[in-house]
Amino acid sequence: MTELIERLKSIVGTRGWTADPQELGPHLVDWRGVYEGSTPIMVSPASTGEVAAVVRACHAAGASIVPQGGNTGMCGGAVPDTSGDQVVVSLARMNRVCNVDADNFSIEVEAGCTLESVQRIARQAHRFFPLSLSAEGTCQIGGNIATNAGGINVGRYGTARALVMGLEVVLADGTILDTQRALRKDTAGYDIKQLFIGSEGTLGIITAATLRLFPEPGPMTTALLALETAATAVAVLANLKTRLHDRVESFELFSNRVAEIVEQHIPDVSLPFGERHPWYVLMDAAIGDDQELLNDVLMRQVETQQVLDVVIAKNAGEADRLWRLRHSVAEAERKEGRALKHDVSVPLSRMGEFLERGDALLASLRPDLQLIAFGHVGDGNLHYNVVLPRDLPEDEWMAEGERITVALYDLVNELGGSFSAEHGVGQAKKVYLRRYRGGAEFELMKLLKKGLDPANTLNPGKIF
Ligand code: FAD
Ligand code: 2HG
Ligand code: ZN
C-alpha cells in the first residue's frame, strides 16, 4: 500500500491528494450520516489522463477505488468501507466546461462540474438544461449520471439518462473509453455509454459528458394547490396536462406533516394558506403570458372540489419562497431524525391504489408509525419515508425497519413498481436488488460487472 500511495501522489501532484483526517472527514461519511468508512488517501485528479493513471496504478496493485462526486447520494454509494484500504477518487477538480454548442443544443462538460454550474452555463447560452434537484449546488454531473438522477423535471424531460448524448469513461484497467458524440441519432452497434449511466461507479469512472440542451421554456407560473387526498393529485395532473397542452414542467406532492417538519426546522418558510390541508402540490407551468388559462383550469377544479385551495405566485420572489419549502424537505427530514427511506415508483395508473394500500399496510403493521410522504408524483415516484417511535431500542428498530420495508417493497413489486426509483442501490439496498430483480436480470447485471471489472476493484460492495 505504501508504494501505491507514493505512486498516486506522484501522479496527481501536491494539490491533488490529501490524507489529512480533518480534510478527509466529510468525504468518509454519507450525506445522511448512515455510512462511515476510512481511506489511506483521497486523490483528486485534474485531467482524464491523471484519472487513467490513478486507475492503472490501483489496478496493478489490486487496490479498490471509490469514485466520489458531490457525496450527496442517498444510498452510501460514494463512501469507502471500513477496511481502510479503498482509495477515494474525487472528481471535484475536473470542473471545466469544454464546449457549448448552442446550434446543436448540446454542452460538453467534465464530470466534476456541479449540476448548478451546468444549468448556469446553459442559461448564459440561452439554452436550458432541465435536470434539477434540491442538491444541485453540491452534486456533480458525473454523480448525477452515475446514479441516473431524477428530480423535479422528469415528467417532461426524462431522467439523467435521457439527457446524455456521449460519455468519456475510464475503465477498470485504466483504458479511456470515448463515446463523446453530440448526436441525437446513432445506431452504430450497441449503445455502450448506457451501461455506465446508473452504474454507481461500479463499471467505470465517468470523466466527461456531452449533454442535451433545450430551448428556454420561457416565463414560468408557480402554483401551490391544496388537496384532500394524495390520489387526487394524479387526476389533477392528467387534467392539467391535457388543458395546458403538456406544458406542466414539474408537479411535486407533499403532505401536511412534511410541511410541518419543514416549517419547524427551516427558517423563514411557511405555507401561504390560512388553514391547513391534508396534501399539497407545488407545480410549475411554462405557459408564458397565458396565465388566464391556468387560472381558469385551476378555478374549475376548485369549483368541482378536486382542488381545495390555490395560491399562484405573483412574482419570482413568491415562486422562490414556495420552491424553498419543497427544496428543504430532505434537509428538514434529516434534522428531524432517522427515517426509513423508501424511494419507490409505480405506474402512474396505479399510484392511487399504492397510496390507499400503502397507508392501510402501515396502519396494520404498527399504529404508531409516522409517514413522511412527498415527491415526484407526476413521475409515479414518491419518497414514502417512515419514522419509527424514537424510543425503540436499536435492535428492535433494525428488525422493525426491515419488516416494514419488505412489506412495503412487496406491495410496490406487486403493483409493477421499483424499490429504487431515483436514488440507486449503493450499500443501502443491495439485498433488495437480489430479492426483487433476481433471476436472469440480476445474473446479467453480475455478468456485466464481471466482464467490465473482473478484479472487482471499482466500488466493490456497492450494488452487489
Ligand atoms: P455522489 O454521492 O458523490 O455519488 C453517488 C454514486 O455515484 C456513488 O456510487 C459514486 O461512487 C458514483 N459516482 C459519483 N461520481 C462518479 C463519476 N464521476 N463516475 C462514476 N461514478 C461516480 N436524487 C434524485 O435522483 N432526485 C432528487 O430529487 C434528489 N434530491 C436530493 C436532495 C438532497 C437534499 C440530497 C442530499 C440528495 C438528493 N438526491 C436526489 C440524491 C443525490 O443528490 C443524487 O443521487 C446525485 O445525483 C448524486 O450526485 P453526487 O455528485 O453527489 O454523487
Ligand atoms: C427529494 O426529492 C430527494 O427531495 C430526497 O430525492 C428524498 O430525502 C428523501 O427521501
Ligand atoms: Zn426525489
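Going by the structure above, here's the rest.
Note that this is a predicted model, so its numbers are computed, not measured.

A look at the site of ligand 2
In the vicinity of ligand 2, the residues found are Met-74, Arg-326, Ala-330, Lys-341, Phe-374, His-376, His-383, Asn-385, Glu-422 and His-423. Contact between ligand 2 and Lys-341: an oxygen atom at 2.6 Å from a side-chain N or O atom of the residue. A distance of 2.7 Å separates an oxygen atom of ligand 2 from a polar side-chain atom of His-423. For ligand 2, the accessible surface in isolation is 300 Å², of which the surrounding protein chains cover 91%. Of all the elements in the fold, those that place two or more residues in the shell around ligand 2 are strand E17 (370–376) and strand E18 (381–387).

With respect to the pairing of strand E12 (residues 221–227)
Most of E12 is tucked away, with seven of its seven residues classed as buried. Covered by surrounding structure in E12 are Thr-221, Ala-223, Leu-225 and Leu-227 together with Thr-222, Leu-224 and Ala-226, the residues of both alternating faces. With four bridges connecting them, E12 and strand E15 (residues 309–312) associate as antiparallel partners. Note that in E15 the partner of Ala-223 across the bridge is Ile-312.

Focus: the coordination of the zinc ion (ligand 3)
Every protein donor of the zinc ion (ligand 3) is listed here as His-376 (NE2), His-383 (NE2) and Glu-422 (OE), and their distances to the metal cover 1.9 to 2.1 Å. The sequence pattern describing where the donors of the zinc ion (ligand 3) fall on their chain is H-x6-H-x38-E.

Things to note about the nonpolar core
Residues Leu-240, Phe-251 and Phe-354 are the most contacted members of the largest nonpolar core, which totals 57 residues. Considering each element in turn, this core owes the most residues, eight residues, to helix H14 (residues 394–414). Ignoring sequence-local partners within four residues, the contact set of Phe-354 consists of Val-344, Val-346, Leu-382, Tyr-384, Leu-411, Val-412 and Leu-415. Of all hydrophobic cores here, the second largest spans 55 residues; its members include Ala-57, Leu-163, Phe-196 and Leu-203.

Let's talk about the packing of aromatic side chains
The full count for this structure, using the stated rule, is eleven aromatic pairs. Ring geometry for Tyr-409 and Phe-419: centres 5.8 Å apart, planes at 45°, overall tilted. Taken together, the residues Tyr-409 in helix H14 and Phe-419 in the loop between H14 and helix H15 (430–436) connect sequence positions ten residues apart. The aromatic ring of Phe-105 is capped on one face by Arg-127, whose charged end is 4.0 Å from the ring centroid.

Some thoughts on the sheet that holds E18
Taking strand neighbours across the sheet as the criterion, the seven strands line up as E15-E12-E14-E13-E17-E18-E16 in an open arrangement whose pairing is antiparallel. Whereas interior strands pair on both sides, the edge strands pair on one side only; in this sheet they are E15 and strand E16 (343–345). Each neighbouring strand pair of the sheet contributes to a mean axis angle of 20°, computed without reference to strand direction. Of the strand pairs in this sheet, strand E13 (residues 248–255) and E17 are connected by two bridges, and their pairing is antiparallel. Bridge pairing in E17 links Phe-254 to Phe-374.

A closer look at the packing of helix H8 (residues 232–243) against helix H10 (residues 291–303)
Helix-helix packing: each pair is described by the crossing angle between the helix axes and the interaxial distance. Remark: H8 packs on H10, axes separated minimally by 11 Å, with the N-to-C direction vectors making an angle of 150°. Overall, the two elements H8 and H10 adopt an arrangement that is roughly antiparallel. For the pair H8 and H10, the sense of crossing is right-handed. Counted together, Val-236, Asn-239, Leu-240 and Arg-243 of H8 and Leu-293, Leu-294, Asp-296, Val-297, Leu-298, Arg-300 and Gln-301 of H10 form the full contact between these two elements. Residues belonging to the contact of H8 with H10 are distributed by class as follows: six nonpolar, two polar and three charged.

Topic: H14
End to end, H14 covers 30 Å across 21 residues, agreeing with the expected 30 Å (1.5 Å per residue, within 8%). Of the residues making up H14, those classed as buried are Trp-397, Glu-400, Gly-401, Ile-404, Thr-405, Val-406, Ala-407, Leu-408, Tyr-409, Leu-411 and Val-412. Of the surrounding secondary structure, the elements contacted by the buried residues of H14 are E16, helix H13 (351–365), E18 and H15. Immediately downstream of H14, the backbone of Gly-416 shows phi near 80°, a positive value.

Digging into the side chain of Asn-459
With respect to the helices and strands, the residue Asn-459 is situated in the segment after helix H16 (440–452). Once residues lying within four places of it in the same chain are set aside, the contact partners of Asn-459 are Ile-65, Val-66, Pro-67, Gly-77, Glu-200, Gly-201 and Thr-202.

Concerning the environment of Ser-47
Within the fold, Ser-47 resides in the loop between strand E2 (42–43) and helix H3 (48–61). Residues Ser-47 and Val-12 lie 35 residues apart in sequence; the distance between their C-alpha atoms is 9.1 Å. Residues within four places of Ser-47 in sequence aside, it is in contact with Met-94 and Arg-96.

Let's talk about the site of ligand 1
Every one of the 36 residues lining ligand 1 counts as a neighbour, but Pro-67, Gly-69, Gly-70, Thr-72 and Gly-73 are closest to it. In this structure, a nitrogen atom belonging to ligand 1 sits 3.3 Å away from a main-chain N or O atom of Gly-151. Calculation on ligand 1 without its partners gives an accessible area of 970 Å², and the protein chains cover 97% of this total. When contributions to the shell around ligand 1 are tallied by element, the ones reaching two or more residues are strand E3 (65–68), helix H5 (141–146) and strand E10 (205–212). Ranked by the residues each element gives to the shell around ligand 1, the list is headed by H5, at four residues.

Reading the values: rules and limits
- Residues numbered from 1 in each chain as written.
- Chains lettered and ligands numbered in written order.
- Predicted model: local features only at pLDDT ≥ 70, side-chain atom pairs only at ≥ 80, totals over all residues.
- Heavy atoms only, no water.
- Near = heavy atom within 4 Å.
- Polar contact = N/O pair within 3.5 Å; in protein donor to acceptor, adjacent residues only side chain to side chain.
- Areas by Shrake-Rupley, 256 points an atom, 1.4 Å probe, with all protein chains shown as cover.
- Helix = DSSP H or I, 4+ residues; strand = E, 2+ residues; numbered from the N terminus.
- Buried < 20%, exposed > 50% of the residue type's maximum accessible area, 1.4 Å probe, protein only.
- Pairing = 2+ DSSP bridges.
- Donors = N, O, S within 2.8 Å, 3.2 Å for Na, K, Ca; no water.
- Core = buried A, V, L, I, M, F, W, Y, C linked by side-chain atoms within 4.5 Å.
- Contact = heavy atoms within 4.5 Å.
- Phe/Tyr/Trp six-rings, centres within 6.5 Å; stacked < 30°, edge-to-face > 60°.
- Lys NZ or Arg CZ within 6 Å of the ring centre and 35° of its normal.
- Axes fitted to C-alpha atoms, helices over the stretch in contact; angles between N-to-C directions.
- Parallel < 35°, antiparallel > 145°, perpendicular 65-115°, else oblique.
- Left-handed = near helix turned anticlockwise from the far one by under 90°.
- Nonpolar A, V, L, I, M, F, W, Y, C, P; charged D, E, K, R; others polar.
- Expected span 1.5 Å × (residues − 1).

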